[in-house]
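# Geometric and topological summary
Here is how the chains run, residue by residue.
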Amino acid sequence: MLRKRTREEDNAVLIDMASLEPGTGSSYGSTAHAAEAGKQQVAPSRVGSPAQPPIDFVLVWEEDLRNQESPSQDKTDTHEIWRETFLENLRLAGLNVDQHDVQDKATAVHYILLRAPWAVLCYYAEDLRLKLPLQEFPNQASNWSATLLEWLGIPNILLEHVPDTPPEYYSCQFKASKLRWFLGSGNQDTFFTSTKRHQILFEILAKTQYGHEKKRFFGIDQLLAEGAFSAAFPLHDGPISAAPGNSQVLGLTQRQVLLQYWARWSKWCKYQPLDHVRRYFGEKVALYFAWLGFYTGWLLPAAVVGTVVFLVGCFLVFSDVPTQELCHSSDGFDMCPLCPDCSFWLLSSACALAQAGRLFDHGGTVFFSLFMALWAVLSLEYWKRKNATLAYRWDCSDYEDIEERPRPQFAARAPMTAPNPITGEDEPYFPEKRRVHRMLAGSVVLLMMVAVVIMCLVSIILYRAIMAVVVSKSENAFLSAWAPRIASLTGSVVNLVFIVILSKVYVVLAQVLTRWEMHRTQTAFEDAFTLKVFIFQFVNFYASPVYIAFFKGRFVGYPGNYHTLFGVRNEECAAGGCLIELAQELLVIMVGKQVINNVQEVLVPKLRGCWQKWYSRRRKAGTGAHPAPWEADYQLLPCEGLFHEYLEMVLQFGFVTIFVAACPLAPLFALLNNWVEIRLDARKFVCEYRRPVAERAQDIGIWFHILAGLTHLAVISNAFLLAFSSDFLPRAYYRWTRAPDLHGFLNFTLAHAPPAFTAAHNRTCRYRAFRDDEGHYSQTYWTLLAIRLAFVIVFEHVVFSIGRLLDLLVPDIPESVEIKVKREYYLAKQALAENEALLGATGVKDDRLPSSGSGPSSLGS
């Protein structure tokens, strides 16, 4: 039943700390228990531990001491009021708020250090339904390659022992009344791990108001966006490097373990310590690195096969009969002009282009396209198994359905509440009809941006056509001969520039639209944002390759009747064919983008980090003091999340699969890039980024569905590439009907100019097409068209059928995991039955069963 939220709900104090003070009789989160007369007596709780709680979160703002009377003073005063209100509300919420200031003559930096007392942690752990450990058991992490090598008796160079391996736990949702049954409940200082404390603090910060409730002035995110605070982050686990001698005495911290055994370039050939990553950064970050490592491992066989196919093409270049005929034709084939003012040219001048085209366009390409289609299907099927195993081990299999809470921003803005259909609890609610209307409005904006991309593509097409004409008129023989290739190459570079600029603009726009749509959970919010941006980026990155692969050279016309676009003659494929141009486009965009991204990820953080450290040292010059932990972490860069990391890899997956028929080396370049990417991203998270708030997740979200869509699209794309852009089918047809050794194939593919054109120029010429002397399509053209369409249908059905068969043969969840889940479900039902029997016999409920429901989720993994 829907219910409007009252002002009292919006204005309510998060925790009434007066009721939690010692001596008031509160039992919330107590660890002292005594049984008396069959009843459980609970001693008053103590707020905090004898030692001061650790710093859980840091807020920072900077103050300019030089411009006290600047025109922006009103805004500065407003920010000051917001900060005071916000910090006061944090104190009312029960947090300990301390301030630490560092200043020089020009600037003052204010650090707000936040600590959560024991009672606050217990209250929010129960409110957020956090899962905490009940029982420990040994870590059961395994890797299929390690198991295989051990079975074969082969030494495993990928395996390395990483110290302080996190154990696995049976866990359930936290209940303060069942505190004593949770593992480690006797020590309040260590009961909540640092990641759990960060999650609780972030929830409080995200919901706390700083202004009028009707204007929805709430949350640290808005304060950061308005500039009232400069940063908000949890602290890293100590310095990045251990002091000399301390590592042997005190051991390495979690952060230092990750640096030593994960975030080093020398570890490129070692397994990733995913359990350590998950413990320090949370499941969402760990799942990203698990998928990235899995994908990189699967690229290895694809790169090997692709390289072999390319090498076969290299050998075929010098033995291919049609290519040799072209190169030795001398003045045998006089070709028609490429533009109205261009001169006739000899086909033999394009020998180098024809040879380059044969590197990618040969019979092995068909085999490789089929191989990559099945590779993509199998890789996704086995990732589902890997994901199911990790989700079970990390106790997040039912996170999205049961455990995930509404986003704090959604909870503060939602106009009403409604019961959750699964948990039965009242939760903030936004009408679905209004959300659909907003999503439709956002789709209109998306279509407008796609139209902008298409306009940019048309402008690049015109640029290439005009540039080819201009360069072909050059007096330099080399430039004149390579005019189409120069125009195509420079057009690819211009296209890359357009791609980068438009991407930056649309990402910001998509964030605004997705916030406006009011999605309930963080997973739903990220999925909606991801889908918007990916659709745009898909068109942005793939529009030019799709044009070259499927449209360029299709609507040229014939001598004397050429088709034009805005008065400019349509482009046609060069002598080497459009496939070599597509390969060039892919290499420029894919490899160029990878190089740009890696340079940015290496240089930009280094430069920004050096600037912040220099600025901080200048401020502390003369004091001789080492920076405090919060000052050292403030010098690091803010973590920008995983969206751009996923986007880069998924776009790469598209290049590797959709257009692989044109560039067999794409998997090799992707593999080399990803070996660097894994350690580069690891180093950024460990060394260069401020510590992100740990987030839970049960999978990689909508990215998996996007990958599945790209896999299906790749089958269709490669079928059409082989049928319409490659010479494979014309060569096969010529072998069957005319000459098995392909002698005369070059002449077979060239048509004669119509008599009218010949008479006008007093010279005959040839052009690439299957047309008769009058410029009409010949019978061969229609025969080949039927063969091409039949090939597309057969190729698609064969690949999709095999893919479906593999899907049925490979279970989504490993049998071992299914057995464990069923075993836990059985134990949970047994425990519940025993508890109900005890309750019926004695009237006393057995406290040993945490009241978090039955089923696998109540026992965890």
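Here, every reference points to the structure presented above.
Let me sum up the structure you'll find in this document. Only a predicted model underlies this, so the values are computations on that prediction, with no experimental measurement involved.

## Some details on the state of the cysteines
For the structure shown, the criterion picks out two disulfides. A disulfide bridge connects Cys-327 with Cys-351, and the sulfur atoms are separated by 1.9 Å. The S-S bond linking Cys-327 to Cys-351 shows a torsion near 90 degrees; that makes this disulfide right-handed. In this pair, Cys-327 is assigned in helix 11 (residues 321-327) and Cys-351 in helix 12 (residues 351-360), connecting sequence segments 24 residues apart. A relative accessible area of 17% means that Cys-351 is categorised as buried.

## Quick look at the sheet that holds strand 6 (residues 107-115)
Backbone hydrogen bonds are what pair the strands of a sheet, in a parallel or an antiparallel way. An order of 5-6-4-9 is seen for the four strands of this open sheet, with the pairing classed as antiparallel. At either margin of the open sheet sits one strand with a lone partner, and together these are strand 5 (96-103) and strand 9 (231-233). Adjacent strand axes in the sheet meet at a mean angle of 20 degrees, parallel and antiparallel pairs treated alike. Pairing between strand 4 (residues 57-64) and strand 9: three bridges, direction antiparallel. Paired with Val-60 across the strands is Ala-231, a residue of strand 9. In this fold helix 5 (residues 194-207) packs onto strand 4 and strand 6, with an angle of close to 50 degrees to the strand it touches most, strand 4.

## A short note on unusual backbone geometry
Phi is positive for Asp-164, close to 60 degrees, though the residue is something other than glycine. For Asp-164, the location among the structural elements is in the loop between helix 4 (144-152) and strand 8 (168-173). You can call Asp-164 partly exposed: its relative accessible area is 44%. Within the chain, Asn-762 stands out as a residue other than glycine whose phi angle is a positive 55 degrees. Given a relative accessible area of 71%, Asn-762 falls into the exposed group.

## Some remarks on the environment of Asn-420
Here Asn-420 lies in the loop between strand 12 (416-419) and strand 13 (426-429). For the pair formed by Asn-420 and Ile-402, sequence separation is 18 residues and the distance between their alpha carbons is 9.5 Å. Once residues lying within four places of it in the same chain are set aside, the contact partners of Asn-420 are Glu-425, Glu-427 and Arg-520.

## So, the pattern of salt bridges
Within this structure, the stated rule accounts for 26 salt bridges. Across the pair Asp-395 and Lys-131 runs a salt bridge whose closest N-O atoms are separated by 3.0 Å. Highlighted residues: Asp-395 in the loop between helix 13 (363-393) and helix 14 (399-403) and Lys-131 in strand 7 (residues 131-137), separated in sequence by 264 residues. Owing to a relative accessible area of 9%, Asp-395 belongs among the buried residues under this scheme. Judged by its relative accessible area of 7%, Lys-131 falls in the buried class. When the shortest N-O distance is used, the salt bridge between Arg-393 and Glu-168 registers 2.9 Å.

## Topic: the nonpolar core
In terms of nonpolar packing, the biggest core is built from 117 residues, with Phe-281, Phe-289, Trp-291, Tyr-295, Trp-375, Phe-659 and Trp-703 touching the most fellow members. Here this core takes 17 residues from helix 10 (residues 283-317), the largest share from any one element. Beyond its immediate stretch of four places on either side in the chain, Trp-291 contacts Trp-383, Tyr-646, Met-649, Val-650, Ile-700 and Leu-707. By size, the runner-up hydrophobic cluster in this structure holds 40 residues, among which are Leu-132, Phe-192, Ile-200 and Leu-223.

## Structural notes on the packing of helix 25 (residues 728-737) against helix 28 (residues 779-809)
Where helix 25 meets helix 28, the axes come as close as 10 Å, and the angle between the chain directions of the two elements is 115 degrees. The chirality of how helix 25 crosses helix 28 is right-handed. Contacts between helix 25 and helix 28 involve Phe-728, Leu-729, Pro-730 and Tyr-733 on the former and, on the latter, Thr-780, Thr-783, Leu-784, Ile-787, Arg-788 and Phe-791.

The rules behind the values
- Residues numbered from 1 in each chain as written.
- Predicted model: local features only at pLDDT ≥ 70, side-chain atom pairs only at ≥ 80, totals over all residues.
- Heavy atoms only, no water.
- Disulfide = S-S within 2.5 Å.
- Helix = DSSP H or I, 4+ residues; strand = E, 2+ residues; numbered from the N terminus.
- Buried < 20%, exposed > 50% of the residue type's maximum accessible area, 1.4 Å probe, protein only.
- Pairing = 2+ DSSP bridges.
- Axes fitted to C-alpha atoms, helices over the stretch in contact; angles between N-to-C directions.
- Contact = heavy atoms within 4.5 Å.
- Salt bridge = Lys/Arg side-chain N within 4 Å of Asp/Glu carboxyl O.
- Core = buried A, V, L, I, M, F, W, Y, C linked by side-chain atoms within 4.5 Å.
- Left-handed = near helix turned anticlockwise from the far one by under 90°.

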